[in-house]
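# Topology and contacts: notes
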Amino acid sequence: MNIVVCMKQVPDTETKVRIGADGKTIDPTDVNYVINPYDEFAIEEALRIKEKLGEGEVTILSLGPERATTAIRSALAMGADKGILLKTDDTYLDSHAVATGLANALKEMKYDLIFLGKQAIDDDSAQIGPRLSVLLDIPCITVVTKLELEDGKIIAEREVEGGTQVIEASLPAIVTAQKGLNEPRYASLKGIMMAKKKPIEEKSPVMEEAKISVLKMEYPPERKGGKIVGSGKEAVPELVKLLHEEAKVI
Amino acid sequence: MSKAVLFFAEQNNGQFRKSAFEVATAGRQVADALGGELVAAVVGDAIADSATTLGAYGVDKVIAAENTDFHYYSPEGFTQALIDIITELEPGVVLFPATSLGSDLAPRVAAKLGVGLASDCTELFVVDGKLEIKRPIYAGKAYIRVAFNSEPQMATLRSNVFSAQKQQEGKEAAVEKIQVNVAEGKSKSSVKEFRPMGGDRIELTEADIIVSGGRGMREPGNFAILEELAKELGAAVGASRAAVDAGWRPHSDQVGQTGKTVSPNLYIAVGISGAIQHLAGMSSSKYIVAINKDPEAPIFKKADYGIVGDLFEIVPALTEEVRKLKSS
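Since we're looking at a predicted model, the values are computed, not measured.

Further remarks concern the environment of E88 of chain B. Structurally, E88 of chain B is set in helix α2 (residues 75–89). Along the sequence, E88 of chain B and I144 of chain B sit 56 residues apart, while their C-alpha atoms lie 32 Å from each other.

This is the structure we're talking about:
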């Protein structure tokens, strides 16, 4: 079984976003870059399937700047077999551009399953999985919290408003991972040592131009300083009065 | 391309979702600014009759793709339905709700058309006859304003941000039924089962009020006091990452950068200190209340109202006070 995980390197969740000099992108100073958290679930699921089947290959495919190599190396340390970096510069890419770049690379590869995180936590667009489904003409199940593989098909559970859907699709297929799918492993020391010898191939992506342009980046509206109503349960009647009469939300 | 604005009106068993009215209202404003008509795309297995009610929200026309195959969401079938409608109408703008379904469907339609799509937008502008949108990134730590280099200009709109407003009570929209080329949109995956969540749970992203608990709750059983407060308020119950990672609450309840981003009218943070990734996910709430024993907790800097103290005393007192208010 050939499994490809499309992975993105992103600023970690502790990052305080500062807008860069161009006013359109973030200032990368002091930013700690990590594997996109949802992609960790994707990598873990790929590794578990390979281990369960006792055969197969897990390839990490990442489109991004040179620094993404570090994240690929981390994924290899978790147990993936090889990496491919579709190297870009730091210019803004929209989901259309990224999806075409990944799809063109995937068309040259062998895959039975393609995993992605349900979204990248930097751009939060959540478009690549479903876009690849169209570009590669294979099914895609998004926001998956449980996955089973049997007889050349997958059965997945996905969270939707008001409940859980159970969906079946034939292989090859795309799955986007949601938190809850599994508990990603930490890389072992041995894994980290072995990762140093695993191959990472560097290529130039074949991408179409972005169809969206960023005009400017802004900070969220500042919330004005809070008002401490009081302490202890004695403050509760005043709070309820404020919520009812001032805020008018209850 | 015409000046028409098309939007996907999401429905479930013939009932339109709240998001359908929100997107209709936002779409009406864009259509007015462009000087075009507002058209609703409705896809399902038995929807055409109820579709006329969209007229009250300023919808000029409904194009209904009715098909027995569309009882459940079929990604390929729904994509084909939208492509057929877009091909016929040639709208300048296409809007979707950023619901589970809308967020799965819109990128497929955009990919088929080879156009750009802006996800999860919170503001729409029309500048010189073109759409510009504002959307949060990094779960709301920053926003970007973007424009489109392709048409139709496509966006998904975040739930609970655009308010639904009726334009004219009782006005009916004309409904045009179309046949979808289902063979073209033959489904590659199928829904085998739908398991509804227990009871009358309110969806976090659609809730007007959210009561969230964090590490300060100490153990899973203690969430019962939040459930009780939530019941009194008609609220949904959320959780911080700490509470979810401790296994106290399901991950679907998580609010924050690796959970849900929410914008309710009222967000009550109980025993949540306010880690940056949590604040990102709830800072766009209209009003925030913090209940925490640590007066230095960062959550108080974001809260409109705060109470310092023992949540195990404060929350039950709050429930009681709300009960009194509701019965007065």
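All names here are of chain B. Parsing chain B into structural domains produces domain 1 (5–178) and domain 2 (204–327). If you average the C-alpha positions of domain 1 and of domain 2, the two centres end up 32 Å apart. Between domain 1 and domain 2, the residue contacts involve 10 residues of the former and 11 residues of the latter. Residues of the side of domain 1 that touches domain 2, tallied by class, amount to four nonpolar, three polar and three charged.

Turning our eyes to something else, we now look at helix α3 (residues 95–106) of chain A. The periodicity of an α-helix, 3.6 residues per turn, causes residues three or four places apart in sequence to face the same way. An ideal rise of 1.5 Å per residue puts 16 Å on 12 residues; α3 of chain A measures up with 16 Å between its terminal C-alpha atoms. Listed in full, the buried residues belonging to α3 of chain A are S95, H96, A97, V98, A99, T100, G101, L102, A103 and L106 of chain A.

Looking now at the sheet that holds strand β1 (residues 2–6) of chain A. The strand order across the open sheet built from 10 strands is β11(A)-β5(A)-β4(A)-β1(A)-β6(A)-β10(A)-β7(A)-β8(A)-β9(A)-β13(B), with neighbouring strands paired in mixed fashion. A single partner strand is all that each edge strand has here, and the edge strands are β11 (200–203) of chain A together with β13 (189–196) of chain B. For this sheet the average axis-to-axis angle between neighbouring strands, irrespective of direction, equals 30 degrees. Examined bridge by bridge, β1 of chain A and strand β4 (residues 57–64) of chain A share five bridges and lie parallel to one another. Its bridge partner lying in β4 of chain A, V4 of chain A is registered against T59 of chain A.

Next up on the list: the interface of chain B and chain A. Between chain B and chain A, the residue contacts involve 73 residues of the former and 72 residues of the latter. A per-class count over the side of chain B that touches chain A returns 36 nonpolar, 19 polar and 18 charged. Bridging between strand β13 (residues 227–231) of chain A and strand β18 (residues 305–308) of chain B involves four bridges; their strand directions are parallel. By the bridge assignment for β18 of chain B, S231 of chain A is matched with V308 of chain B.

Reading across from one edge, β13(A)-β18(B)-β17(B)-β16(B)-β14(B)-β15(B) is the order of the six strands in this open sheet, with parallel pairing throughout. Whereas interior strands pair on both sides, the edge strands pair on one side only; in this sheet they are β13 of chain A together with β15 (236–239) of chain B. Going from strand to strand, the sheet's axes swing by 20 degrees on average, the running direction of each strand aside. For strand β14 (residues 209–213) of chain B and β15 of chain B, the ladder comprises four bridges, and the chain directions are parallel. Across the sheet, V211 of chain B pairs through a bridge with V237 of chain B, a residue of β15 of chain B. Its contacts with the sheet put helix α6 (residues 236–246) of chain A on β13 of chain A together with β16 (266–270), β17 (287–292) and β18 of chain B, and the angle it makes with β13 of chain A is roughly 150 degrees. Strands in contact with helix α8 (residues 311–327) of chain B are β16, β17 and β18 of chain B; relative to β17 of chain B, the strand with the most contacts, it is inclined by about 135 degrees.

All names here are of chain A. Of all the 11 residues making up helix α2 (residues 68–78), eight are buried; the element is thus mostly covered by neighbouring parts of the structure. The set of residues buried in α2 consists of A68, A71, I72, S74, A75, L76, A77 and M78. Positive backbone phi, at 140 degrees, marks G79, one or two positions downstream of α2.

Here L171 of chain A and P172 of chain A are connected by a cis peptide whose omega angle stands at -5 degrees. Relative to the helices and strands, P172 of chain A resides in the loop between β9 (163–170) and β10 (173–177). Note that the residue after E151 of chain B, namely P152 of chain B, is joined by a cis bond; omega there is 0 degrees. Locating P152 of chain B in the fold gives a position in the loop between β10 (142–148) and β11 (153–157). A positive phi is found at D151 of chain A, a non-glycine position, where the angle reads about 45 degrees. Tracing the backbone through its elements, the reader meets D151 of chain A in the loop between β7 (140–150) and β8 (153–160). In this structure, Y138 of chain B is a non-glycine residue whose phi angle is positive, near 50 degrees.

Each value, and the rule that gives it
- Residues numbered from 1 in each chain as written.
- Chains lettered and ligands numbered in written order.
- Predicted model: local features only at pLDDT ≥ 70, side-chain atom pairs only at ≥ 80, totals over all residues.
- Helix = DSSP H or I, 4+ residues; strand = E, 2+ residues; numbered from the N terminus.
- Domains from an automatic or database assignment.
- Contact = placed C-beta atoms within 7 Å.
- Nonpolar A, V, L, I, M, F, W, Y, C, P; charged D, E, K, R; others polar.
- Expected span 1.5 Å × (residues − 1).
- Buried ≥ 20, exposed ≤ 12 C-beta atoms within 10 Å, placed from the backbone.
- Pairing = 2+ DSSP bridges.
- Axes fitted to C-alpha atoms, helices over the stretch in contact; angles between N-to-C directions.

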